[in-house]
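# Architecture and fold: a report
Here is what each chain is made of, one letter per residue.
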Amino acid sequence: MAVQQPAGPDPYFPDNGDARYRVHRYELALDYRPGPNRLSGTARINAIAGPAPLAEFQLNLADFRVGRVRVDGRQPHYTHRGGRLRVRPAKPLRAGAAFTVEVHWSGNPGPVPSPWGGLGFEELADGALVASQPVGAPSWYPCNDRPADKASYLLSVTAPSAYAVVSGGRLLTRTTKASTTTWVYEQSAPTSSYLVGLAIGRFQTVLLGDPGPAGVPQHGHIPAQLLPRFSRDFARQPAMMELFQELFGPYPFDEYAVVVTEEELDVPVEAQGLSLFGSNHVDGARGSERLVAHELAHQWFGNSVSIADWRHIWLNEGFAKYAEWLWSERSGGRGAQQLAAAAHRSLAGLPQDLRLADPGRRSMFDDRLYERGGLTVHAVRCALGDDAFFRMLRDWVRLHRNGSVTTAAFAEHVARFADEPPAGLFEAWVYGTALPPLPVLGDRP
């Protein structure tokens, strides 16, 4: 595992996260009441100070009432405003020291503002949903909200018994007492704060395929009336799982779940071990199958292999886009070369001012980043040839499993699999803005 932790604030979101320490584990105990949309919680956060003594630190937490804060059992001085919980321990923490933070909070959760609208915890007509990318995690729990600070999670959620609670990871226990049920999930793999997913609703749970003794359990959680359409739309997900394990390496987590809500979502959203879809993505005609492949691919690219900061988001989205093309190619649809040509034609008619290596906050979810990212991965495949390309991908995932990466690290990794350095490829596709010529499979010098 290679973890590349930036030394300073994220250049796109300088108010989120604190590079002076890192979190090892979150233990969250939540109680949620859908009717009044009321959330109360306790967080126990095990962390490690960085290379300098820590006189103060911050967590990100939205506009809740904070009832109690402790650092190693002692009351610190703290302030909570503007989404930041600033904590000054009674005594500065030694460099490299392990410490524990306890926070109690309560209130009415809702999305936090962002350039793309509200993000994070969203109250639905009957339940709730969390979709946090990129900075929505503080909408429901206190965290060091930076993608490279990955930690394990123990998540306990109590809700009325009529509702199911779904999160990423392994369900340890489900305990009913009177009219409420407590669901306890363990996510042992290091997880970025924005990738902790949660759905609370009235779901029917189904098993997707037969995983066999060595397979990956895959479950769907769906409103009952959508089950017939879901059964067709997600029927080929187990085949996707098999293909992606062949191409990318073993699935990096214990289980995989998909949730479909009764409400529409603009786009599906990935979480670790979990993907969230809207009712509009289920049409009974496999109309969104490419998105099923896209979200599954994020479990390797974005979730297991995460980015060091948001400038490198193309490493998440470019690989997930290319996984769509690989699935199409291997499942009887259009080949990757045809899909690359279509993407290239589309980009040729759009402004040539987006730089993959640093698209800027306003453009980090621009459609051009997804398409150009997929084309860049295709260009690497064309430069290396299939055998070296897929060996490169599997090695990239293996080396950086549970870690964080940068664009420069990927360029160096690709060079190790080339017979000769792929001169100009990254300069043109990743660091430049003009659209290079369409790369063609088999067109190697």
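Now for a look at the structure at hand. Just so you know, these numbers come straight off a predicted model, no measurement behind them. (Residues numbered from 1 in each chain as written. Predicted model: local features only at pLDDT ≥ 70, side-chain atom pairs only at ≥ 80, totals over all residues. Heavy atoms only, no water.)

It is worth spelling out the overall build of the protein at this point. Within the protein one finds nine helices and 21 strands. On the principal axes, the C-alpha backbone points of the protein span a range of 65 × 55 × 45 Å. Every one of the 445 residues in the protein was classed for burial, and the buried ones make up 58%. At a minimum sequence separation of 6, the contacts of the protein that also span at least 24 residues come to 70%. Charge centroids of the protein, computed over 44 positive and 46 negative side chains, lie 7 Å from each other. (Helix = DSSP H or I, 4+ residues; strand = E, 2+ residues; numbered from the N terminus. Buried < 20%, exposed > 50% of the residue type's maximum accessible area, 1.4 Å probe, protein only. Contact = heavy atoms within 4.5 Å. Lys, Arg positive; Asp, Glu negative; His and termini not counted. Charge placed at Lys NZ, Arg CZ, Asp CG, Glu CD.)

Before going further, it helps to spend a moment on the layout of surface pockets. Empty space among the atoms becomes apparent when a probe as large as a water molecule is rolled across them. Estimates place the volume of the largest pocket at around 890 Å³. Together, 35 residues line the largest pocket, and Asp266, Val267, Pro268, Val269 and Tyr370 are the ones closest to its centre. Residue assignment for the lining of the largest pocket shows that the elements contributing at least two residues are strand S8 (120-124), strand S9 (127-131), strand S18 (269-271), helix H3 (289-297), helix H4 (314-330) and helix H6 (367-384). Taken together, the residues of the lining of the largest pocket break down into 16 nonpolar, seven polar and 12 charged. (1 Å grid on protein atoms, 1.4 Å probe; cavity = no way out; pocket = protein on both sides within 12 Å on 5 of 7 lines; lining within 4 Å. Points joined across faces, edges and corners; volume = space filled by probe spheres on them. Nonpolar A, V, L, I, M, F, W, Y, C, P; charged D, E, K, R; others polar.)

Here the residue pair Gln133 and Pro134 is connected by a cis peptide bond, since its omega of 0 degrees sits within 30 degrees of zero. With respect to the element layout, Pro134 can be found in the loop between S9 and strand S10 (151-160). Even without glycine at this site, Asp72 takes up a positive phi of about 50 degrees. Relative to the elements of secondary structure, Asp72 occurs in the loop between strand S4 (65-71) and strand S5 (77-81).

It is worth spelling out the packing of aromatic side chains at this point. For the structure shown, the criterion picks out 28 aromatic pairs. Taken together, a centroid distance of 5.8 Å and an interplanar angle of 85 degrees make the contact between Tyr251 and Phe253 edge-to-face. For the residue pair Tyr251 and Phe253, the accessibility class agrees, reading buried in each case. With a centroid separation of 6.0 Å and 70 degrees between ring planes, the pair formed by Trp314 and Phe410 is classed as edge-to-face. A residue pair is termed long-range when its members are at least 10 positions apart, and Trp314 in helix H4 and Phe410 in helix H8 (residues 407-415) qualify at 96 residues. Classification of Phe410 by relative accessible area gives buried; the value is 1%. Three or more aromatic residues joined by ring pairs make a cluster, and in this case those are Phe244, Phe248, Tyr251, Phe253, Tyr256, Trp300, Phe301, Trp314, Phe319, Trp396, Phe410 and Phe426. The residue whose ring lies beneath Arg202 is Tyr163, and the NZ or CZ to ring-centre distance is 4.5 Å. (Phe/Tyr/Trp six-rings, centres within 6.5 Å; stacked < 30°, edge-to-face > 60°. Lys NZ or Arg CZ within 6 Å of the ring centre and 35° of its normal.)

We now examine the sheet that holds strand S7 (residues 98-107). Taken in spatial order, the seven strands of this open sheet run S4-S7-S2-S1-S10-S13-S12, and their pairing is mixed. Only two strands of the sheet have a single neighbouring strand rather than two, namely S4 and strand S12 (170-177). Taking each pair of neighbouring strands and ignoring which way they run, the sheet shows an average axis angle of 10 degrees. Relative to S10, strand S1 (residues 21-33) runs parallel, the two being bridged by seven bridges. Bridge assignment links Arg25 to a residue of S10, and that residue is Ser152. (Pairing = 2+ DSSP bridges. Axes fitted to C-alpha atoms, helices over the stretch in contact; angles between N-to-C directions.)

Among the structural elements, Arg345 can be located in helix H5 (residues 336-348). You can call Arg345 exposed: its relative accessible area is 58%. Sequence spacing of Arg345 and Leu438 is 93 residues, and the spatial spacing of their C-alpha atoms is 9.0 Å.

Everything listed here is a matter of geometry and, on its own, says nothing about what the molecule does.
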